[in-house]
Amino acid sequence: MNLAFDIDDTITNSSDIFLKYAKLYNKENNIKHKILKNCLNQKEAFGWTKRDEKHFINKYLEKILIEAKPQRKALKVIKKLNKNNNIYLITSRNKDELSNIEEITLNWLKKYNIDYKYLQIGKISKGETCLHHDIKLFVDDNYQNCIDVANKCKCKVLLFDTRYNKKIKSCEIKRVKSWKEIEKKVKELQNGK
């Protein structure tokens, strides 16, 4: 069975590292804004202008992606799922933000010994990618990506719980809070449930 996972904030804890550097950036640039860590919009969350966003990405994105750690149990579950399934990694990381994004991503996956059949990096429709590769289960922390996949592909779609998507209520997209839950959902799918 073909299973697809997002990388940032699904396999990794990158938003925790992002938050650490956002606080540092605001301190360095004397931005006095109460940080809203449950908000995805950077202007609202950090008080940033578009210039700040670009400057932050240029200065800290590489560090964030390198320092990110795997989510609890992610490596164990992916390794287990990889025995009887094909693992597809579909990330919106792109070269517009960081020219060596592919190298950083590949090095991180190698560092944590994550095996996969296919890796898609870039600004793409995750729904189109899932449809093209006959994906049966897709997991992402981004609700819009989940909707895109649900609308284009007849696969099970799961929203990985994060602090900034907790307020999203959806009847169509099921939420999972851990990699053990993902493993359980895969088993249910394999058993026809």
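This text goes with the structure placed above it.
Residues numbered from 1 in each chain as written. Predicted model: local features only at pLDDT ≥ 70, side-chain atom pairs only at ≥ 80, totals over all residues. Heavy atoms only, no water.

The next point concerns the overall build of the chain. Counting secondary structure elements, the chain contains 8 helices and 6 strands. Ordered by position from N to C terminus, the α and β elements of the chain give β-α-α-α-α-β-α-β-α-β-α-β-β-α. Computed over its C-alpha atoms, the radius of gyration of the chain comes to 17 Å, within 12% of the 16 Å expected for a compact globule of 193 residues. The principal-axis extents of the C-alpha atoms in the chain amount to approximately 55 × 35 × 30 Å. Looking at the chain residue by residue over its 193 residues, the buried ones come to 48%. Sequence separation of 24 or more characterises 63% of the internal contacts of the chain that already satisfy a separation of 6 or more. As displayed, the chain has an accessible area near 10800 Å², and 49% of this comes from carbon and sulfur atoms. (Helix = DSSP H or I, 4+ residues; strand = E, 2+ residues; numbered from the N terminus. Rg over C-alpha atoms; globule rule 2.2 N^0.38 Å. Buried < 20%, exposed > 50% of the residue type's maximum accessible area, 1.4 Å probe, protein only. Contact = heavy atoms within 4.5 Å. Areas by Shrake-Rupley, 256 points an atom, 1.4 Å probe, with all protein chains shown as cover.)

Our focus in this paragraph is the packing of helix 3 (residues 50–67) against helix 5 (residues 101–111). Two elements in contact, helix 3 and helix 5, have axes separated by 9 Å at closest approach and are oriented at 20°. Classed by the angle they form, the pair helix 3 and helix 5 counts as roughly parallel. The interaxial crossing formed by helix 3 with helix 5 has right-handed handedness. Contacts between helix 3 and helix 5 involve Glu62, Leu65 and Ile66 from the former and Ile101, Ile104, Trp108 and Lys111 from the latter. Split into classes, the residues belonging to the contact of helix 3 with helix 5 amount to 5 nonpolar, no polar and 2 charged. (Axes fitted to C-alpha atoms, helices over the stretch in contact; angles between N-to-C directions. Parallel < 35°, antiparallel > 145°, perpendicular 65-115°, else oblique. Left-handed = near helix turned anticlockwise from the far one by under 90°. Nonpolar A, V, L, I, M, F, W, Y, C, P; charged D, E, K, R; others polar.)

A separate point is the state of the cysteines. On inspection of all chains with the given rule, the structure shows 0 disulfides. The cysteine Cys146 is free of any disulfide, with Cys155 supplying the nearest cysteine sulfur at 9.4 Å. Cys155 takes part in no disulfide bond, and the closest cysteine sulfur to it belongs to Cys153, at a distance of 3.7 Å. (Disulfide = S-S within 2.5 Å.)

Attention now goes to unusual backbone geometry. For Asn113, which is not a glycine, the phi torsion comes out positive at approximately 55°. Inspection of the secondary structure assignment puts Asn113 in the loop between helix 5 and strand 3 (118–121). Positioned with a positive phi, Asp134 is a non-glycine residue whose angle comes to about 55°. If you trace the backbone, Asp134 turns up in the loop between helix 6 (126–132) and strand 4 (137–140).

With that out of the way, let us pick up the sheet that holds strand 2 (residues 86–91). Read across the open sheet, the 6 strands follow the order 3-2-1-4-5-6; overall the sheet is parallel. Both edges of this open sheet fall to strand 3 and strand 6 (174–176), since each of them pairs with a single strand only. Neighbour-to-neighbour, the strand axes of the sheet open up by a mean angle of 20°, direction not taken into account. In the sheet, strand 4 pairs with strand 5 (residues 156–160) via 4 bridges, with the strands oriented parallel. Residue pairing for strand 5: Val139 is matched across the bridge by Leu158. Across the sheet, helix 5 is in contact with strand 2 and strand 3; its angle to strand 3 comes to roughly 145°. (Pairing = 2+ DSSP bridges.)

A few words on the pairing of strand 5. Buried residues dominate strand 5, accounting for 4 of its 5 residues. In this view, the connection linking strand 4 to its parallel neighbour strand 5 by way of helix 7 (residues 143–152) has right-handed handedness. In this structure, strand 5 lies alongside strand 6, joined through 3 bridges in parallel fashion. By the bridge assignment for strand 6, Leu158 is matched with Lys174. (Right-handed = clockwise from strand over helix to strand, strands pointing away.)

On to the side chain of Asp148, then. Among the secondary structure elements, Asp148 is positioned in helix 7. According to the relative accessible area criterion, Asp148 is buried, its value standing at 17%. Only 2.9 Å separates the side chain of Asp148 from the side chain of Ser125, close enough to count as a polar contact. Here Lys126 takes part through its backbone nitrogen, which lies 3.2 Å from a polar atom of the side chain of Asp148. What Asp148 contacts, discounting residues up to four positions off in sequence, is Ser125, Lys126 and Gly127. (Polar contact = N/O pair within 3.5 Å; in protein donor to acceptor, adjacent residues only side chain to side chain.)

Shape is all these values report; function is a separate question.
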